[in-house]
Amino acid sequence: MQKVINRIPGRAYLLLAIIIFAASNSVTRKLTELGEQNLIDGRNPISFCNVLFVGNLCALVVLFFIYRRQCTLQTFKAIPQNSWFGLILISLLSSALAPALIFMALDLTAVNNVVLISRIEPPLILALSILILKDRVNIWVIAGAIISFVGVALTVLLQEPSTEMMQMGGLSIGRGELMAACGAIALAISTIISKVALKQIPLGVFSLIRTTIGTIVFFFVVIILYTPSHFMDVFSPFLWQWMSIYGAIIVVGGQLCWFAGLKTSGASDVSLASSFSPIAGILAAYLILSEAPTMAQYIGGSVILVGIVLNQIGVSRKMETSAPQPSINPVKEMEMEVGFKGI
């Protein structure tokens, strides 16, 4: 059995991980709808807050199992003091603020909107990398980022007017769409900070600390904003029955496939697999929720796909002119883990 598993190419693991994580938004929405049909004293036991909190607990268990050998007192003491501020800031952005905004967006707008608008993250990371880190990229990658950004803008601006719309500078933008965009911005900023401040921290330790801090902060923020009663059903057997399935497939399965793929894949394979994320997300929304794309989503999504194709051309040309990279180095692995949205 182990020999069969070892023969599976890294890109297959990456693609499977992308499919699993791309379906997470639709699965989350489906679970909350199921909770609405099984209320406990008028409360939804599978609320977005409960899913995020319990999902993070599941992620902590998985991450500790994978990286338990790195979790030593010596490793924690070796973390530079000035890196702790960056680590805490990234935890707040990527494990508390961004997931909360994305989950709230799912409660206010279509899953396809969240999937497409989240594609604002890669262009923002590229722009910040060029401006702050002075990274050098070719014209194809820049063109792909610009076109993808235009596609996201079209997805937002061509939406049908609704009661959830709010005015910003003369433009009508839905609250859900705005939250999805803010969540992507928070993730982009956290990725840039990780490139600058966290190169000396082992990936496992970084992941565990980030998830732990994010979970604790999210818990207290929800208690302050919504009162402790918001977590009354967090130990509900009905919630954990479904979250055990969610955790096994989305959290455990997705992350294990992602890490397995990173071990034997090059950066071009990772980039190519990630490019299928919006397509997989839209297909998942259709298959799981019967959510067909709107005209605005068709137009914006098509433009985003053009941008992704141009980006892939740029990545391929860059790989051709650089030294071969048979696998992802630890620093690159950390950057991808930060920017990759599972929970």
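All of these numbers come straight from a predicted model, not from anything done at the bench.

What follows concerns the overall build of the chain. A tally of helices and strands in the chain yields 16 helices and two strands. Across the 343 residues that make up the chain, the buried fraction comes to 50%. Sequence-distant contacts, at least 24 apart, represent 86% of the contacts inside the chain between residues at least 6 apart.

With that out of the way, let us pick up the confidence of the model for the chain. Counting all residues, the mean pLDDT for the chain is 80, and 85% of those residues have values of 70 or more. Scored below 50 in pLDDT, residues 326-343 makes 58 contacts in the model with residues more than four places away or belonging to other chains.

It is at 10 Å that the axes of helix H4 (residues 48-67) and helix H11 (residues 203-226) come closest, and there the two elements cross at 160°. What the angle tells us is that H4 and H11 run roughly antiparallel. Between H4 and H11 lies a crossing whose hand is left-handed. Contact residues: Cys49, Leu52, Phe53, Asn56, Leu57, Ala59, Leu60, Leu63, Phe64 and Tyr67 in H4; Leu203, Gly204, Ser207, Leu208, Thr211, Thr212, Thr215, Phe218, Phe219 and Val222 in H11. The residue inventory of the contact of H4 with H11, partitioned by class, reads 14 nonpolar, six polar and no charged.

Across the interface, helix H3 (residues 24-36) lies against helix H14 (residues 277-289) with an axial gap of 9 Å and an inter-helix angle of 25°. Between H3 and H14, the interaxial angle falls into the category roughly parallel. Between H3 and H14 the crossing geometry is right-handed. Note on element contacts: H14 touches H3 through Gly281, Ala284, Ala285, Ile288 and Leu289, opposite Ser26, Val27, Arg29, Lys30 and Glu33.

Relative to the elements of secondary structure, Cys58 occurs in helix H4. For the pair Cys58 and Ile250, spaced 192 residues apart in sequence, the C-alpha to C-alpha distance is 10.0 Å. With near-sequence residues (within four places) excluded, Cys58 lies in contact with Met243, Gly247 and Val251.

Along the chain, the position of Ala284 falls in helix H14. Ala284 sits 265 residues away from Ile19 along the chain, and the two C-alpha atoms are 8.4 Å apart. With sequence-adjacent residues up to four places away left out, Ala284 is seen in contact with Ala22, Ala23, Ser26 and Leu289.

What follows concerns the packing of aromatic side chains. Applying the stated criterion across every chain, the model contains five aromatic pairs. Taken together, a centroid distance of 5.9 Å and an interplanar angle of 75° make the contact between Phe48 and Phe103 edge-to-face. Separated by 55 residues along the polypeptide, Phe48 in helix H4 and Phe103 in helix H6 (residues 81-108) bring together distant segments of the chain. Arranged with centres 5.4 Å apart and planes meeting at 80°, the rings of Phe219 and Phe220 form a pair that is edge-to-face.

Moving on, we get to the nonpolar core. Counting 71 residues, the largest nonpolar core has Val54, Phe218, Phe231, Tyr246, Trp258 and Phe259 as the members making the most contacts within it. Looking at this core, the element that brings in the most residues is H4, giving 12 residues.

A cluster of nonpolar side chains, namely Leu15, Ile19, Leu272, Phe276, Ile279, Leu283, Tyr286, Leu287 and Leu305, defines an oily patch on the protein surface of about 830 Å² accessible area. Listing elements by their share of the nonpolar patch, those giving two or more residues are helix H2 (10-22) and H14. Accessibility expressed as a relative area gives 45% for Ile19, which makes it partly exposed.

Time to look at H3. With 13 residues, H3 extends 18 Å between its outermost C-alpha atoms, agreeing within 8% with the 18 Å of an ideal straight helix rising 1.5 Å per residue. Along H3, the residues that are buried comprise Ser24, Asn25, Ser26, Thr28, Arg29, Leu31, Thr32 and Gly35. The inward-facing, buried residues of H3 abut H2, H4, H6, helix H7 (111-117), helix H12 (237-264) and H14.

Turning next to unusual backbone geometry. In most cases, non-glycine residues show a negative phi, while peptide bonds are predominantly trans. We note that Asp41 has phi near 55°; this positive angle belongs to a residue other than glycine. Within the element layout of this structure, Asp41 appears in the loop between H3 and H4. For Ser290, which is not glycine, the phi torsion reads 60° and is therefore positive. Within the secondary structure, Ser290 sits in the loop between H14 and helix H15 (295-321).

This brings us to the environment of Ile130. With respect to the helices, strands and loops of the structure, Ile130 is situated in helix H8 (residues 121-132). A relative accessible area of 29% means that Ile130 is categorised as partly exposed. On a C-alpha basis, the gap between Ile130 and Ile142 in space is 10.0 Å, while along the polypeptide they are 12 residues apart. Contacts of Ile130, omitting those with residues within four sequence positions, involve Asp135, Val137 and Ile142.

Conventions adopted
- Residues numbered from 1 in each chain as written.
- Predicted model: local features only at pLDDT ≥ 70, side-chain atom pairs only at ≥ 80, totals over all residues.
- Heavy atoms only, no water.
- Helix = DSSP H or I, 4+ residues; strand = E, 2+ residues; numbered from the N terminus.
- Buried < 20%, exposed > 50% of the residue type's maximum accessible area, 1.4 Å probe, protein only.
- Contact = heavy atoms within 4.5 Å.
- pLDDT = per-residue confidence, 0-100.
- Axes fitted to C-alpha atoms, helices over the stretch in contact; angles between N-to-C directions.
- Parallel < 35°, antiparallel > 145°, perpendicular 65-115°, else oblique.
- Left-handed = near helix turned anticlockwise from the far one by under 90°.
- Nonpolar A, V, L, I, M, F, W, Y, C, P; charged D, E, K, R; others polar.
- Phe/Tyr/Trp six-rings, centres within 6.5 Å; stacked < 30°, edge-to-face > 60°.
- Core = buried A, V, L, I, M, F, W, Y, C linked by side-chain atoms within 4.5 Å.
- Patch = residues over 30% accessible without salt bridge, like charges linked within 9 Å, V, L, I, M, F, W, Y side chains within 5 Å.
- Areas by Shrake-Rupley, 256 points an atom, 1.4 Å probe, with all protein chains shown as cover.
- Salt bridge = Lys/Arg side-chain N within 4 Å of Asp/Glu carboxyl O.
- Expected span 1.5 Å × (residues − 1).

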